[in-house]
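Examination of the molecular architecture
Okay, here's what each chain looks like letter by letter:
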Amino acid sequence: MVKAVAVITVSDSCFKDNSKDTSGPALAEFVKKLFPEANLHTIIIPDEKEIIERELKYFCESNLDLILTTGGTGFSSRDVTPEATKAIIHKEVPAITVAITIESLKKTPMAMLSRSVAGIRDKTLIINFPGSKKAVTECFEIVKPVLPHAVALIADEMSEVRTIHDSMQFGHVCPHYSSVDVSKVALRPRESPYPMLEMAEAWKIVDDVMGKWTERLEIVTLDEGLGKVVAQTLCAKEPMPPFPASVKDGYACLSSDGAGVRHVRAAITAGDAPTVPLSMGECVRINTGAALPAGADCVVQVEDTKLVSATEDGQTELQVEILKAPQPEQDVRPVGFDIPMGATLVDKGETLDAAKIGVLAGAGYQSITVRVNPKVALLSTGNELQEPSETKLRPAHIRDSNRAMLKALLREHGYESIDCGIARDSPTQLVASISAALAQADVLVCTGGVSMGEKDLLKPVLINDFGAKLHFGRVRMKPGKPSTFATCEFEGRTKFIFALPGNPVSAYVCCLLFVVRALRVCTGRRGAWPALRTRLAHAVTLDPRPEYARAEIRLPGNDELPTAQLLGNQCSSRLMSACGASVLLELPGATESVPRLPAGSLVSALITGRLDLSAQ
Ligand SMILES: Nc1nc2c(c(=O)[nH]1)N[C@H]1C(S)=C(S)[C@@H](COP(=O)(O)OP(=O)(O)OC[C@H]3O[C@@H](n4cnc5c(N)ncnc54)[C@H](O)[C@@H]3O)O[C@H]1N2
Ligand code: MOO
Ligand SMILES: [Mg+2]
C-alpha cells in the first residue's frame, strides 16, 4: 500500500513565487487520485544540487514510498535535478525514463531534451518529471499503471504484488478508480442504513438467489468424484457377483447328498474358473470368493468337516466327511446377490462418498458426469493484515487467519477455492482486488470491512463500483451481524458475493451458515444443516441476538439426549471457540423473562462438523 508520497517542485522561479508553480499542483492532484489513502507532501525548492539531494534524502529517510520531482531536467546550466537524483539513488530504473521518452517522442521531439532519471533509494522510488504542467500530465499517465506495483515490490508487500499480478493476468492492467468518496468522514452515516433481517429471511434469500444458478456439468474420473453431485442415474451393467460365489473356505457340495463322506474331486481358489461339474457324492474344495462348479448348490465350511483319507504325502485330500447336512444355498452368494443386474447404483442428485465410488468402480464405471461446483474466490481485506508467512509482525498488524481457515473449511465440505490475497482498505485497491477475484470465480467470499468504521468500504464499493444489488447487509445473529450478500453482473455473468465480517469467528460461522449453504443449493442439495436435539451441559447466558455457539457433543452413556458443551468464551475474535466444534448450537435471543438457559435445557444443534465421539 502506498502510504506516503512527496511531490517536489524544483524551480528557482517557483521557489521565489509559489503562484508560478503549475506542474507541482497538477502532479499532486494525480497522486491524490491514484493513492487517495496516501499522505502527500509538497514542497518547492530552488535548482540547487545540494538542496535537492538533501530534500530527497530527508524524504527517503522518512520512509516515503514515492517521490516525484518536477523541473530541472533540461539543458540549462541551472538544471541539476538528474545529477542530484543520481547522486543519492542506490539503484537506477532506466526503463521508466525510457518508457517516458518513447511515449513523449510520439507527441513532441522536445522529449529528446529531457534528462530525467528514475531510481530507488532504500525503500523509496524517485522519478524526475520535466517542469511543465503539460509534460507532467503526459508523463504521469505513462508511469501510472506501474506505480502501485513498483511501490509494492520495493516494500516487499507480497499480498499487494499478488493482487496486482492477478489483476494483470486477468486483463485489468490499470488500477480501476473507485467512485467511492472517503474524504468526508464526518458525514458518514451514524446508523447502519441496512435493515436487520431475521436469520430465516436471510436464508430464504440465499436459497432463492442461489436457486437461479445455472447447472453446469462435467465429466470427472471416479477419483475426482468424491463429494461431487452425480448428474445422471447410473445402473449396474452386470450383476455382482457375476457367478455363484462361495462365502466360506470349505467344500462346495450338493445339499441333496446330506451329511456323510464325499469324494473330493478338485480344488478351486478365487479366480479359478471351475471346469468339472459335480455329481452325487462328490465335493470340491473351495475358497471364499471362488466360483461354484456347476451342480454344486451349497458350501460347507471347513470347520464342519473331517478328513477321511488323503494321499500318502499328505498333499491331496481324497475324502472328507460332511458332519452336518447342508441346506440348499448355504454359504453361497447367488448371481446378483450384492447388486442385481440393472439395479440403481447412484441416483441423480446423490453426493458421491467413498462407498459409492467403490460400488461404481466394482461396476466398471471409470468416469462419471457430475454437477460442477461453483468456482469460489477468497479475499481478505484490511490494512492491518499481513501474510501468515511473514516472520515479523509490523506494528499494529496481525496475520491473516481468515483465508487459510475459510479455504480449509470449504474443503472440509467438498469445495475448493481460489486464493485472491489481501486487499487494502482503499476503494481503488478493493476495486482492483474484487475485479481480479470476480474474473476468476462465480462466488466471491471476502472478509472484513462490512461494519460501521470509515475503513469498512466493502458495501459502498460493491454498490457504487460494481453496481451490485445488496440482498442483505445485516442479520440479527451472533456472530455475524454485518453479514452481507450481494449479486452483480461482471463480464456478462452474474456473480454472487458474500462479504463476511472480518472477525475470524464471524467469518467461520457465516461461511458455514451462508456460503456452504449457498454452494449446496447450487449443486442441487438441501441447503439447511441437519439438526440434533441436545441438552445444555451447563447454564448459558443469552445474548440479545440469536447466537450460533460453537460446541462439542457428548453422549451421556444411557438413553438420554446428547449433551452440548460450549467451547469456552464465545467472543467473535476468539477462533479457539471453533476448534473442534462439531455443532453450532442455536441459542435463542435473550428476552426479559428468559435471560439465560439453565443446564439441561433443550437446544437444537446444527451438525456442521464431524461428530467425533471416539474420544469419549
Ligand atoms: N460501531 C459499530 N462497530 C461495529 C459493529 C457495529 O454494529 N457498530 N459491528 C461489530 C461486529 S458485530 C463485527 S462482526 C465487526 C465486523 O467488522 P468488519 O466486518 O467491518 O471487519 P473489520 O473491521 O475489517 O475487522 C474486524 C476484526 O476482525 C479482524 N480481522 C479482519 N480480517 C481478518 C483476517 N483476515 N484475519 C484475522 N483477523 C481479521 C480485524 O483485525 C478486526 O479486529 O465489527 C464490529 N464493529
Ligand atoms: O456479529 Mo459480530 O460477529 O458479533 O462480532
Ligand atoms: Mg470494521
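Within every chain, residues take consecutive numbers counted from 1 along the sequence as written. Working convention: letters from A go to chains and numbers from 1 go to ligands, in the order in which they are written. Only residues with pLDDT of 70 or above have their local features reported here, since the model is predicted, and side-chain atom pairs are shown and tallied only from 80 upward, although totals for entire chains, interfaces and linings are computed over all residues. Heavy atoms from the whole structure form the basis of all side-chain values; hydrogens and water molecules are not counted.

Concerning the overall build of the protein chain
The condition that has to hold: Under the scheme used here, helices are H or I runs from DSSP no shorter than 4 residues and strands are E runs no shorter than 2 residues, and both carry numbers assigned from the N terminus. The atom set for the radius of gyration is the C-alpha atoms, and the globule formula is 2.2 Å times the number of residues raised to the power 0.38. Each residue is assigned to one of three classes by its accessible area relative to the maximum for its type, calculated with a 1.4 Å probe on protein chains only: buried under 20%, partly exposed between the two thresholds, exposed over 50%. It only takes one pair of heavy atoms within 4.5 Å for two residues to be counted as in contact. Accessibility throughout is a Shrake-Rupley quantity obtained with a 1.4 Å probe, and a residue counts as covered only by protein chains that appear here. By the counting scheme adopted, Arg and Lys are positive, Glu and Asp are negative, and His together with the chain ends is not counted. The atoms used to mark charge sites are NZ of Lys, CZ of Arg, CG of Asp and CD of Glu.
A tally of helices and strands in the protein chain yields 14 helices and 33 strands. Over its C-alpha atoms the protein chain spans a radius of gyration of 37 Å, topping by over 25% the 25 Å that the globule rule assigns to 616 residues. Seen through its principal axes, the protein chain has C-alpha atoms that stretch 125 × 70 × 40 Å. Looking at the 616 residues of the protein chain, the share that counts as buried comes to 48%. Long-range pairs, those at least 24 residues apart, make up 73% of the contacts in the protein chain between residues at least 6 apart in sequence. Split by element, the accessible area of the protein chain, about 28900 Å² in all, is 55% carbon and sulfur. Taking the average place of the 67 positive charges on the side chains of the protein chain and the average place of its 73 negative ones, the gap between the two points comes to 6 Å.

Examining the UniProt feature "domain: MoaB/Mog" (unreviewed entry) in the protein chain
Rule in force here: UniProt positions are given in the numbering used here, feature names are shortened, and annotations may be inferred rather than shown by experiment.
Feature annotation in UniProt places "domain: MoaB/Mog" (unreviewed entry) on residues 6–150 and 377–521, given in this structure's numbering. From the first C-alpha to the last, residues 6–150 spans 16 Å; its make-up is 45% helix and 20% strand. A distance of 18 Å separates the end C-alpha atoms of residues 377–521, which is 36% helix and 27% strand.

Describing the coordination of the magnesium ion (ligand 3)
What counts here: For Na, K and Ca the donor cut-off is 3.2 Å, while for other metals it is 2.8 Å, and in both cases only N, O and S atoms qualify; water is not among them, so sites may look incomplete.
Protein coordination at the magnesium ion (ligand 3) comes from Asp-456 (OD) and Asp-456 (OD), with a distance range of 2.4 to 2.5 Å. Tracing the sequence through the fold places Asp-456 in the loop between strand 23 (443–447) and helix 13 (458–466).

Observations concerning the side chain of Thr-447
Summarising the element assignment, Thr-447 is placed in strand 23. Since its relative accessible area comes to 3%, Thr-447 is described here as buried. Setting aside anything within four residues of it in sequence, one finds Thr-447 in contact with Leu-379, Ser-380, Thr-381, Asn-402, Leu-406, Leu-500, Pro-501, Gly-502 and Ala-507.

Topic: the site of ligand 2
Going by this rule: Only a single heavy atom is needed: when it lies within 4 Å of a molecule or strand, its residue is near that molecule or strand. The definition of a polar contact used here is a pair of N or O atoms within 3.5 Å, where within protein one atom must be able to donate a hydrogen and the other to accept one, and adjacent residues in sequence count solely through side-chain atom pairs. Side-chain classes are defined by residue name, with Ala, Val, Leu, Ile, Met, Phe, Trp, Tyr, Cys and Pro counting as nonpolar, Asp, Glu, Lys and Arg as charged, and the others, Gly among them, as polar.
For ligand 2, the full set of nearby residues is Pro-479, Gly-480, Lys-481, Pro-482, Asn-503, Ser-506, Arg-545 and Ser-572. At a separation of 2.5 Å, an oxygen atom of ligand 2 approaches a polar backbone atom of Gly-480. Side-chain polar atom of Arg-545 to an oxygen atom of ligand 2: 3.1 Å apart, as the coordinates give it. Residue composition of the shell around ligand 2, grouped by class: two nonpolar, four polar and two charged.

Brief notes about the packing of helix 11 (residues 402–412) against helix 14 (residues 504–522)
Spelled out, the test is: Only the stretch in contact is used when fitting a helix axis, every axis being a line fitted to C-alpha atoms; angles between N-to-C directions are given from 0 to 180 degrees. Here a crossing is called left-handed whenever its near helix is offset anticlockwise from the far helix by less than a right angle, and right-handed whenever the offset is clockwise.
Put simply, helix 11 and helix 14 touch, their axes get as near as 10 Å, and they point 35 degrees apart. When you trace helix 11 past helix 14, the crossing you get is right-handed. Side by side, helix 11 and helix 14 meet where Asn-402, Met-405, Leu-406, Leu-409 and Leu-410 of the first sit next to Pro-504, Ala-507, Tyr-508, Cys-511, Leu-512, Val-515, Val-516 and Leu-519 of the second.

Some details on the domain arrangement of the protein chain
So the rule is basically this: Domain start and end points were adopted from an automatic or database domain assignment.
You can read the domains of the protein chain as domain 1 (4–156), domain 2 (199–213 + 374–522), domain 3 (217–239 + 338–371), domain 4 (245–333) and domain 5 (531–607). Taking only C-alpha atoms, the centre of domain 1 and the centre of domain 3 are 65 Å apart.

A few points about the site of ligand 1
The local shell around ligand 1 holds 21 residues, among which Glu-384, Asp-400, Ser-451, Lys-481 and Gly-502 are the closest. Asp-400 is positioned with one of its side-chain polar atoms (N or O) 2.7 Å from a nitrogen atom of ligand 1. Within the side chain of Asp-456, an N or O atom sits 3.0 Å from an oxygen atom of ligand 1. When isolated, ligand 1 has an accessible area of 870 Å², and the protein chains bury 70% of it.

Overview of the pairing of strand 29 (residues 547–554)
Stated precisely, the cut-off is as follows: Strands pair, by our definition, only if DSSP identifies at least two bridges between them.
Most of strand 29 is tucked away, with six of its eight residues classed as buried. Looking at chain direction, strand 29 and strand 30 (residues 563–566) are connected through four bridges and run antiparallel. Residue pairing for strand 30: Ile-553 is matched across the bridge by Ala-564.

With respect to the packing of aromatic side chains
Worth spelling out the cut-off: The aromatic pairing rule takes the rings of Phe, Tyr and Trp, using the six-membered ring of Trp, and pairs them if the centres are within 6.5 Å, calling planes under 30 degrees apart stacked, those over 60 edge-to-face and the rest tilted.
Under the definition given, this model contains eight aromatic pairs. Seen from their ring centres, Phe-466 and Phe-490 are 6.4 Å apart, and the 35 degrees between their planes marks the pair as tilted. Of this pair, Phe-466 sits in helix 13 while Phe-490 sits in strand 25 (residues 484–490), and the two are 24 residues apart along the sequence. Judged by relative accessible area, which is 11%, Phe-466 ranks as buried. In this structure Phe-490 comes out as buried when scored by relative accessible area, which is 10%.

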